[in-house]
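In case you want the letters, here they are:
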Amino acid sequence: MRGISKNRSIKIGLCILCILLFLAVFADFIAPYDPNQKDLDERLIKPCYEHPFGTDHLGRDILSRVIFGSRVSIFIGVSVTVISLIIGILLGITAGYYGGVVDELIMRIVDGFLAFPSMFLALGVTAFLGQGVFNLMVALTVVQWTTFARVARGSTLDIKARPYVEASRWLGAGNLYTITRHVLPNILPPLLIVASLGIGNVILTAAGLSFLGLGVQPSIPEWGSMLNDGRVFLIKAPYIMIFPGLMIMITVLAFNFLGDGLRDMMDQRIRHAELKRKM
């Protein structure tokens, strides 16, 4: 906790994320209007007192949709990252710890997925499965898990060669005990850093797919779909795209700040540990 309180990047990222989480959790009480309430008599109203962010082409309040969109975008980003992290840890540890044919098989599968550009792979999966939050999460998980698998495998290979792991195995400890007590706790820090940076990437990719019409259904308030709705009115009503675009930028920056701060904190701990060893 002391390292977190001294790191400016972590503090900035956490402050922004706390505000976003507050908006997502209490959206029903904070949003001034129903995000799907249509009123054609109030369509394309510029930002004013009644509608601080204006209204879209269907008369829906943009501020309310932006607030509810934080719930959808953050849910997708966190859920996809957690699922991908679990899959990556299981396969990465298995490949790095057991090696041999198991390692070769798993890593060739990873290389097969990495052979395709991530955005094109996500586009292909969503085009095959169709629109919807669940289908979008499946597509993004297919893209994201490979990164965690490679990091988990590399960290496992490093930890497996440490003297205390070899000593544990010489003393008769089973593979499951060695993995859960020695390998997993030591590979989690770099994986958590990758995960914190990956959430922003997932949110950005999800918004991109929704902007292309392959993400969530149009009736669901989501930042990427709001950008898609506003692109036709970019000249006449640019605020339809400006505010959800700003929310995407702020959210991605917040997770990037958090990830950079965690990486700096871990690097400092590694340097302190190396200095103590030399002394």
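In the block above lies the structure referred to throughout.
Right, let's walk through the structure included here.

Rules of the game
- Residues numbered from 1 in each chain as written.
- Predicted model: local features only at pLDDT ≥ 70, side-chain atom pairs only at ≥ 80, totals over all residues.
- Heavy atoms only, no water.
- Salt bridge = Lys/Arg side-chain N within 4 Å of Asp/Glu carboxyl O.
- Helix = DSSP H or I, 4+ residues; strand = E, 2+ residues; numbered from the N terminus.
- Buried < 20%, exposed > 50% of the residue type's maximum accessible area, 1.4 Å probe, protein only.
- Core = buried A, V, L, I, M, F, W, Y, C linked by side-chain atoms within 4.5 Å.
- Contact = heavy atoms within 4.5 Å.
- Phe/Tyr/Trp six-rings, centres within 6.5 Å; stacked < 30°, edge-to-face > 60°.

## Some remarks on the pattern of salt bridges
Any two side chains of opposite charge can pair, so long as their charged atoms come close to each other.
No. 1: Overall, the coordinates contain nine salt bridges when judged by the stated rule.
No. 2: When the shortest N-O distance is used, the salt bridge between Asp111 and Arg108 registers 2.5 Å. One end of the pair is Asp111 and the other is Arg108, both in helix α5 (residues 100-114) and three residues apart, which spans about a single turn.
No. 3: For Asp260, the salt bridge goes to Arg263, with nearest N and O atoms at 2.8 Å. With Asp260 and Arg263 both in helix α11 (residues 239-278) and three residues apart, the pair spans about one turn of that helix.
No. 4: A relative accessible area of 36% means that Arg263 is categorised as partly exposed.
No. 5: By sharing partners, the salt bridges in this structure join Glu104, Arg108, Asp111 and Arg150 into a single network.

## Digging into the nonpolar core
No. 1: In terms of nonpolar packing, the biggest core is built from 26 residues, with Ile62, Val66, Tyr239 and Ile240 touching the most fellow members.
No. 2: Put simply, the parts of the chain that give this core at least two residues each are α2 (8-25), α4 (62-98), α9 (175-211), α10 (223-230) and α11.
No. 3: Looking at which element gives the most residues to this core, the answer is α11, with eleven residues.
No. 4: If we ignore the near neighbours within four places in the chain, the residues touching Ile240 are Leu44, Thr55, Asp56, His57, Ile62, Met226, Gly230 and Phe233.

## Examining the packing of aromatic side chains
In this description, a pair of aromatic rings is defined by centroid distance and the angle of the planes.
No. 1: All told, the structure shown has four aromatic pairs when counted by the stated rule.
No. 2: Between Phe22 and Phe26 the ring centres are 5.0 Å apart and the planes differ by 45 degrees, which places this aromatic pair in the tilted class.
No. 3: On the basis of relative accessibility, which here comes to 48%, the residue Phe22 falls in the partly exposed class.
No. 4: Seen in terms of ring centroids, Phe53 and Phe243 are 4.0 Å apart; in terms of plane orientation they differ by 0 degrees. Their pairing is stacked. Remark: Phe243 occurs in helix α11 and Phe53 occurs in the loop between α3 (27-30) and α4; sequence separation between them is 190 residues.
No. 5: Note on Phe243: relative accessible area 19%, which makes it buried.

## Details of the environment of Ser168
No. 1: Tracing the backbone shows Ser168 in helix α8 (residues 163-170).
No. 2: In this structure, the C-alpha to C-alpha distance between Ser168 and Gly77, residues 91 residues apart in sequence, is 38 Å.
No. 3: Once residues within four sequence positions are removed from consideration, Ser168 is found in contact with Ala173, Tyr177, Thr178 and His182.

Fair warning: the whole summary comes from geometry, so function is off the table for now.
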